[in-house]
Amino acid sequence: MVESKHQWKAWLYLSPCLILLLVFTVWPIINTVRMAFLEDYSGLKAAGGQVFSFGFGNFTKVIQYKKFLSCLKNTVLLCVITVPISTFLALLIAVCLNSIKALQKVLQTIFFLPYVTNSIAIGMVFAAMFNMVGSFYGTENELIVTAGIINNVIEFFGGHAINWINYGSSYAANMTVMVVYIVWNALPFKILVLLGGLQGINRQYYDAARVDGTSRRRIFSRITVPLLSPMLAYVVITGFIGGFKEYTSIVGIFGEGMGPADDAGRLNTMVGFIYDALATNSQGRASAAALILFAIILVVTLINMQVSKKKVHY
Amino acid sequence: MKRKLLSILMAVCMLTTAVLCSSCGNPAKSAEPNFDVPEGGYDGSEVTLKFYHTMGSNLSDVLNIYIEEFNKLYPNIHIVAEQVGSYDDVRDQIKTEITVGSQPNIAYCYPDHVALYNLAGAVATLDNLIDSQITVTRADGTTEILGLTEEQKSDFIEGYYEEGRQFGDGLMYTMPFSKSTEVLYYNKTFFDEHNLTVPTTWDEMEALCAKIKEIDPSSIPLGYDSEGNWFITMCEQYGSDYTSATGDHYLFDNETNRNFVKTFREWFQKGYLTTQTLYGAYTSGLFTAETGIRSYMSIGSSAGATHQRPAAKEDGSYPFEVGIATIPQVNPSNPKVISQGPSVCIFQKDNPQEVIASWLFVKFLTTSVEFQAEFSMASGYVPVLKSVAENETYASFLAKADGGAYVSALSAKVCLEQEKAYYTSPAFNGSSTARDQVGALLAKCLTTDAAGDVDKMIKKAFEDAIEECEYYN
Amino acid sequence: MKDTAKKPSLATMQERDMSKEATHQKAVRILVKVFLYAFLLLMAFIVLFPFYWMINSSLKTLDEYRLSVPTFWPHQVQFSNYAEAFTAANLGRLFINTVIVGVISTILSLIITVLSAFAFARMEFKGKNVLFAALLATMMIPGELFTITNYGTVTQLGWINTYTVLIVPFLVSVFYIYLLRQNFLQIPNELYLAAKVDGTSDIKYLWRVMIPLAMPTLISITILKMMGAWNSYIWPRLVANDEAHRLITNGLRNAFTETTGDVNYPVQMAAVALVSLPLFLVFVFLRKYIMKGVSRSGIKG
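The structure presented is a predicted model; accordingly, all values stated were derived computationally and were not measured.

**Some remarks on the overall build of chain A**
The number of helices and strands found in chain A is 13 helices and two strands. Each of the three principal axes of chain A carries a C-alpha extent, and together these read 80 × 75 × 30 Å. The 314 residues of chain A split such that 47% are buried. Sequence-distant contacts, at least 24 apart, represent 70% of the contacts inside chain A between residues at least 6 apart.

Structural data, given as structure tokens:
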């Protein structure tokens, strides 16, 4: 069936792509593996002429480091919480958007806005919104100079200001802020994809359902969701991949300390862990951590794909 | 299929090259100076030098004037000055460039950065250059010796100059460029009104805070911007161990240090003080606030004096007068204040002429009284030369010092008065980690709920910080 | 495909459907609608708030920005921040550089993406599926690690401070290839086989049939790629930070560092707003195409 001429042509068409990938993606991957297996490899030391021996030291050091587990936990937690929430919200917004006429285009544009701007700058804005400026939280001397807009709103409705991100704040409060920010960040792309999918659904299905007198909820669960399932699968899979690489959002809120002032590093993630290793010039450990992260993402993605194969209707 | 094979081959080739390359770099550093001045010194050849800095446009303008001046003397040395971003940006950029040998010739640096570059042996030692007696002829016919004259050497403020030697091997790696320190800003109007005296010791500080709390119970009397600086300065003032450039690096877990941390925790619990990370913003904001919760003292960088001044009223006057003093001491007869601000280092290059030319330029900037004076006035930093104080323009700038419009002159004046008190801490690979860790440690110990046993909590926090430092080393 | 935006939506169809129903159901429907709009507007408000804050900050003086009590509207509206952002950064040069890099890399990237997607969608060759899976797998690797190695590579190639270094390393995007392949797969294979029988060359077929049909996807790729050029930061700063090649994000970021190493945030915020504006306008005008492009990507697995 396959002509050899065809084969040759296919490779020709692919060649620009493959050559570039070889040089700028595959080679860095090989180099990463190399650095991961050289004991305590450091680029600067290498430039200074030091020679490194082969071994698994980087992996054992990374895994035995006491903060490794906490980084892993934060990454997994954020992923598991934010992906379903953002997917659900995006679906809800997309369905709502699809069922209105007035303002539809304006709102669409607004929901896409976060996509076209600088995430670090917006992170700073979020931090300011949740920040509390003051001191001595929880002591008899407690002074709050100003609470960010979020706490103002809470107090307006009669609640108590919550210490979200400052020292003395709880892990749960920190995570809440991160979830809100990450979901906010993830929404535009998901809304875009899902809305695109909704608008692509052939109206004949709905017409048929209408004739049958199917209820709105049934239409949603029996027609909309199944027909949208490839999009949903796509959004969830890329969401998980992105979620495991979470880093800049945390820097945006908590700064390089990756946690409240009294517990720096509390919210550090796997990519943050890699960056820390790079910053202290331990490329060996950074590479080892990256390979571990890659293995995790690979397994999760394979599971995701397996699940979606069973659930997705094409 | 062929292509596939070819690509695998390619990958293997590249891998081999890289493996080989990891063993063909520069020789590691030793206790001997790593740069020898070639005979004849600067031979007048054309060189182009890259200079990485963090100067904003107003300072670049000053620099450019002096590059022109320099080129009148050495027309063949071309300086390409590049603003790379913040100090960290400069470090990150150079760190990456060193791995492929494309580092600049000259760069703004902090000691921690140099310790990092030294892992690759990339920074040229200056000892042989400073001592060189070779005569260099300039384009205008005049001559200078390549090294520093005794006069030039003794004109540097000693603490600043010695910063270049804090790398544990006794060699000189950097030249001071412009400096700042931490000073105590206080609300002079408030102090005068209530007959308060400026504290010179930490004991006086404690009494003063108590007094201010009585006068204004809703205030936070003292704000300290940098926890890291605070911890290190206290070690220095007590003479207790912090870090060492050689041997065991991390020595800060000792009784003296745990004790002062415990004391400050008590102050904090009484509502006497806050810090930048704990407060959630620059403490200068608290200091310059005119209503609500405010502080009456703020310890921060002397280069940030204008931020410690309240906003001017419509008639141009200020709501209160700012006073500036030396930070409190453990022992006022042996004061210690931190030395901050950029130095410059020179990088090794295959062509020794580039290194010599870099040195000539660095020497020109750091020993030029006019440059130092103008740069200091434009930046708020203090000059590194003693004789700048006698420079006419600079002297008249200092003479204007007051707690309002000329607050940066006041800050510069206070800095210059304490030039003997400057200290620097050892720099080594991992010294910046130690700095970050002690800062976080202090913030943690001030605030964490001790569950009844403060000593135990502090001890644990110190042990954790040491462990963390050691993981990264 | 027809213009999807003009299709009657689910709600309007149902509206017609229920027109004969009792009035209390009508009330329920109005309530639903009110709730719908309330929800959307609330979400829109949440999405917009940070942008309002960005603009608010960009109009403040540095001292006001640093106040511990943030103000919701600047006391002193400082439009000069925008002027400063514009002049201090030599914005003209930065725009030209960014446009050059953006346009060239978009064109090249499109060519590579089309060819690769075509090969994956229409051609049969050994190891196709394995290769495609491997390509997708590269998306899962944290890209930060590539920087160090790639920096070494481009230095050895002598590409530092050239346009090449800003363009070539990122020409291939597995994501775009994936997007376009999905799109190509939807075009019936019969068309291709018919063209083969007619003796039409692949390239001709691509140009005449596939590309016009995949136009919306190609336009979205173009826009995403341009956005990339507009927003890229870490790599350009490392490899091409000289005056002649500096890109807009770098230029803007570098220009506002104060003497003390502090950043003049209000001016920087103004700069961020300025940089975001062209992208925003592009989205407003080409929204329809972006939507269509994305909507087609996932229909067929």
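Next comes the rest of the account.
**Some remarks on the overall build of chain B**
Within chain B, the regular secondary structure consists of 19 helices and 14 strands. The globule rule puts the C-alpha radius of gyration for 473 residues at 23 Å, and the 25 Å found for chain B is close to it. Projected onto the principal axes, the alpha-carbon positions of chain B cover approximately 75 × 60 × 45 Å. Split into buried and exposed, the 473 residues of chain B put 51% on the buried side. Intrachain contacts of chain B at a sequence separation of at least 6 include 74% that bridge at least 24 residues.

**Side note on unusual backbone geometry**
Residues and elements named next belong to chain A. The backbone phi angle of Leu103 is positive, close to 70°, even though this residue is not glycine. Mapped onto the fold, Leu103 is located in the loop between helix H4 (66-98) and helix H5 (104-112). By C-beta crowding, Leu103 is classed as partly exposed, having 14 other C-beta atoms within 10 Å.

**Thoughts on the packing of H5 of chain A against helix H2 (residues 23-58) of chain C**
Helix-helix packing is characterised by the crossing angle of the two axes and by the distance between the axes. Two elements in contact, H5 of chain A and H2 of chain C, have axes whose closest approach is 9 Å; the angle formed by their N-to-C orientations is 35°. Note on packing geometry: the crossing formed by H5 of chain A with H2 of chain C is left-handed. Facing H5 of chain A, whose interface residues are Leu107, Ile110 and Phe111 of chain A, H2 of chain C presents Leu40, Ala44, Val47 and Leu48 of chain C. Class assignment of the residues belonging to the contact of H5 of chain A with H2 of chain C gives a composition of seven nonpolar, no polar and no charged.

**So, the sheet that holds strand S3 (residues 106-109) of chain B**
Residues and elements named next belong to chain B. Across the sheet, which stays open at both edges, the five strands sit in the order S2-S1-S3-S13-S6 with mixed pairing between neighbours. Two strands close off the open sheet at either side, each with one partner strand: strand S2 (77-83) and strand S6 (174-176). Strand after strand, the sheet turns through a mean of 25° between neighbouring axes, direction not considered. Its contacts with the sheet put helix H14 (residues 352-367) on strand S1 (47-53), S2, S3, S6 and strand S13 (343-346), and the angle it makes with S1 is roughly 50°.

**Details of the nonpolar core**
Residues and elements named next belong to chain A. Ala94, Leu194, Ile274 and Ala289 are the most contacted members of the largest nonpolar core, which totals 205 residues. Sorting elements by how many residues they give to this core places helix H8 (residues 171-200) first, with 14 residues. Residues contacting Ala289, with those up to four places away along its chain left out, are Val62, Met270, Phe273, Ile274 and Ala277.

**Brief notes about the environment of Val33 of chain A**
With respect to the helices and strands, Val33 of chain A occurs in helix H1 (residues 4-36). Spatially, the C-alpha atom of Val33 of chain A lies 7.5 Å from that of Leu291 of chain A, the residues being 258 residues apart in sequence.

**Focus: helix H13 (residues 283-311) of chain A**
Here H13 of chain A contains 29 residues, and its C-alpha end-to-end distance of 41 Å stays within 8% of the 42 Å for a straight helix at 1.5 Å per residue. Regarding H13 of chain A, the residues found buried are Gln283, Gly284, Arg285, Ala286, Ser287, Ala288, Ala289, Ala290, Leu291, Leu293 and Ile297 of chain A.

**A closer look at the domain arrangement of chain B**
Many descriptions give the size of an interface as the accessible area lost when the pieces come together. Residue and element names in this part refer to chain B. Domain assignment breaks chain B into domain 1 (34-179 + 341-390) and domain 2 (182-338 + 411-472). Summarising the inter-unit geometry, the C-alpha centres of domain 1 and domain 2 are found 32 Å apart. Between domain 1 and domain 2, the residue contacts involve 20 residues of the former and 19 residues of the latter. Of all the secondary-structure elements, those providing two or more residues to the side of domain 1 that touches domain 2 are helix H4 (111-118), helix H7 (158-162) and helix H15 (369-379). Top contributing element to the side of domain 1 that touches domain 2 by residue count: H4, with five residues. Tallied by class, residues from the side of domain 1 that touches domain 2 come to eleven nonpolar, seven polar and two charged.

**Details of the sheet that holds strand S9 (residues 273-275) of chain B**
Residue and element names in this part refer to chain B. Ordered in space as S9-S8-S10-S7-S11, the five strands form an open sheet in which the pairing is mixed. A strand with exactly one partner marks an edge of an open sheet, and here the two such strands are S9 and strand S11 (322-326). Strand-to-strand twist in this sheet, taken as the mean axis angle between neighbours without regard to direction, amounts to 25°. Strand contacts of helix H17 (residues 407-417): strand S7 (182-187) and S11, with the helix running at about 15° to S11, the strand carrying the most contacts.

**Brief notes about the environment of Thr75 of chain A**
Residues and elements named next belong to chain A. Relative to the helices and strands, Thr75 resides in helix H4. Taking the C-alpha atoms as reference points, Thr75 and Ile201, 126 residues apart in sequence, are found 35 Å from one another. Excluding its chain neighbours within four sequence positions, the residues that come into contact with Thr75 are Phe244, Glu246, Thr269 and Met270.

**A short note on the confidence of the model for chain B**
Of all residues in chain B, 93% have pLDDT values of 70 or greater, and the mean over the chain is 87. The low-confidence segment residues 1-30 of chain B (pLDDT under 50) makes 37 contacts with residues lying over four places distant or belonging to another chain.

**Looking at the packing of helix H9 (residues 203-212) of chain A against helix H10 (residues 216-244) of chain A**
Residues and elements named next belong to chain A. Packing of H9 against H10 leaves a shortest axis separation of 11 Å and a crossing angle of 165°. Taken together, the axes of H9 and H10 are roughly antiparallel relative to one another. The handedness of the crossing between H9 and H10 comes out as right-handed. Between H9 and H10, the residues in contact are Tyr205, Tyr206 and Ala209 and Ile219, Ile223 and Leu227, respectively. A breakdown of the residues in the contact of H9 with H10 according to their chemical character gives six nonpolar, no polar and no charged.

**Describing the pairing of S2 of chain B**
All names here are of chain B. Across seven bridges, S1 lies against S2 in parallel orientation. By the bridge assignment for S2, His53 is matched with Gln83. This β-α-β element, S1 to helix H2 (residues 57-73) to S2, shows right-handed connectivity.

**A short note on helix H19 (residues 454-472) of chain B**
Residues and elements named next belong to chain B. Along its 19 residues, H19 runs 27 Å from first to last C-alpha, staying within 8% of the 27 Å computed at 1.5 Å per residue. Taken as a whole, H19 has its buried residues at Ile458, Ala461, Phe462, Ala465, Glu468, Cys469 and Tyr472. Take H19 and look down its axis: the buried residues cluster within an arc of 125°, on one side only. In this structure, H19 carries Asp455, Lys456 and Glu463 as exposed residues pointing more than 90 degrees from its buried face.

**A few points about the environment of Met234 of chain B**
With respect to the element layout, Met234 of chain B can be found in helix H10 (residues 227-238). The spatial distance from the C-alpha of Met234 of chain B to the C-alpha of Glu163 of chain B is 19 Å, given a sequence separation of 71 residues.

So, how was this worked out
Residues numbered from 1 in each chain as written. Chains lettered and ligands numbered in written order. Predicted model: local features only at pLDDT ≥ 70, side-chain atom pairs only at ≥ 80, totals over all residues. Helix = DSSP H or I, 4+ residues; strand = E, 2+ residues; numbered from the N terminus. Buried ≥ 20, exposed ≤ 12 C-beta atoms within 10 Å, placed from the backbone. Contact = placed C-beta atoms within 7 Å. Rg over C-alpha atoms; globule rule 2.2 N^0.38 Å. Axes fitted to C-alpha atoms, helices over the stretch in contact; angles between N-to-C directions. Left-handed = near helix turned anticlockwise from the far one by under 90°. Nonpolar A, V, L, I, M, F, W, Y, C, P; charged D, E, K, R; others polar. Pairing = 2+ DSSP bridges. Core = buried A, V, L, I, M, F, W, Y, C linked by C-beta atoms within 7 Å. Expected span 1.5 Å × (residues − 1). Domains from an automatic or database assignment. pLDDT = per-residue confidence, 0-100. Parallel < 35°, antiparallel > 145°, perpendicular 65-115°, else oblique. Right-handed = clockwise from strand over helix to strand, strands pointing away. Arc of directions from axis to C-beta.

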